[in-house]
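What follows is the residue order along each chain.
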Amino acid sequence: MPQQSSTVSTSGRVLRMSTLDRLKNSLKNELITKRAELELSQEKMAERLYISLRSYSELERGNSFCSAVSLINYVNNCNVDKDKLFAMFDEIINDTGNN
């Protein structure tokens, strides 16, 4: 998959975000929102995804993306609509209008 990018304006500067960066940012926001909704600590969320606290923390900071297994655990253990989640990812991956 080519590294598509989109333009983001921040304080008058234009930044380019790769598709992977956009996916990581999207997952970060999803996890933070869901964790607040469930009123869980990062440690408890990590347990639900069967990953270490450090790995989970990296996800919430947008520094990494999780494995397919972790995504499945997230959907199954956190009451997540998988169709909505993957539609969000699909939209990012297939968005070529911002290159």
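Quick note: structure is the one above.
Residues numbered from 1 in each chain as written. Predicted model: local features only at pLDDT ≥ 70, side-chain atom pairs only at ≥ 80, totals over all residues. Heavy atoms only, no water.

J.: Talk me through the overall build of the chain; I want residue IDs and the actual numbers.
T.: Looking only at helices and strands, the chain has 5 helices and 2 strands in total. Shown N-terminal to C-terminal, the secondary structure of the chain runs as helices and strands in the order β-β-α-α-α-α-α. For the chain, with 99 residues in total, the buried portion stands at 32%. Long-range contacts, defined as pairs at least 24 residues apart, comprise 52% of the intrachain contacts of the chain with a sequence gap of at least 6. Accessible area of the chain: about 6300 Å², with a carbon and sulfur share of 49%. (Helix = DSSP H or I, 4+ residues; strand = E, 2+ residues; numbered from the N terminus. Buried < 20%, exposed > 50% of the residue type's maximum accessible area, 1.4 Å probe, protein only. Contact = heavy atoms within 4.5 Å. Areas by Shrake-Rupley, 256 points an atom, 1.4 Å probe, with all protein chains shown as cover.)

J.: So what's going on with the packing of aromatic side chains? Residues and values would help.
T.: Tallied over the entire structure, the rule returns 2 aromatic pairs. Between F65 and F89, the ring centres sit 5.6 Å apart and the planes meet at 70 degrees, which makes this aromatic pair edge-to-face. You can see F65 sitting in the loop between helix 3 (53–60) and helix 4 (68–77) and its partner F89 sitting in helix 5 (residues 82–94), a full 24 residues away along the chain. According to the relative accessible area criterion, F65 is partly exposed, its value standing at 30%. Since its relative accessible area comes to 5%, F89 is described here as buried. (Phe/Tyr/Trp six-rings, centres within 6.5 Å; stacked < 30°, edge-to-face > 60°.)

J.: I'd like to hear about unusual backbone geometry, residue by residue, with values.
T.: In this structure, Y50 is a non-glycine residue whose phi angle is positive, near 60 degrees. Mapped onto the elements of the fold, Y50 is located in the loop between helix 2 (42–49) and helix 3. The backbone phi angle of N79 is positive, close to 55 degrees, even though this residue is not glycine. On the accessibility criterion, N79 (66% relative accessible area) is exposed.

J.: If you had to explain the pattern of salt bridges to someone new, which residues and values would you point to?
T.: Pairs may arise between side chains of opposite charge once their charged atoms sit close together. Counted according to the given criterion, the structure contains 7 salt bridges. Of the charged contacts in the structure, one is a salt bridge between R22 and D95, with a shortest N-O distance of 3.0 Å. Taken together, the positions of R22 in helix 1 (residues 19–38) and D95 in the segment after helix 5 put the pair 73 residues apart, joining distant regions of the chain. (Salt bridge = Lys/Arg side-chain N within 4 Å of Asp/Glu carboxyl O.)

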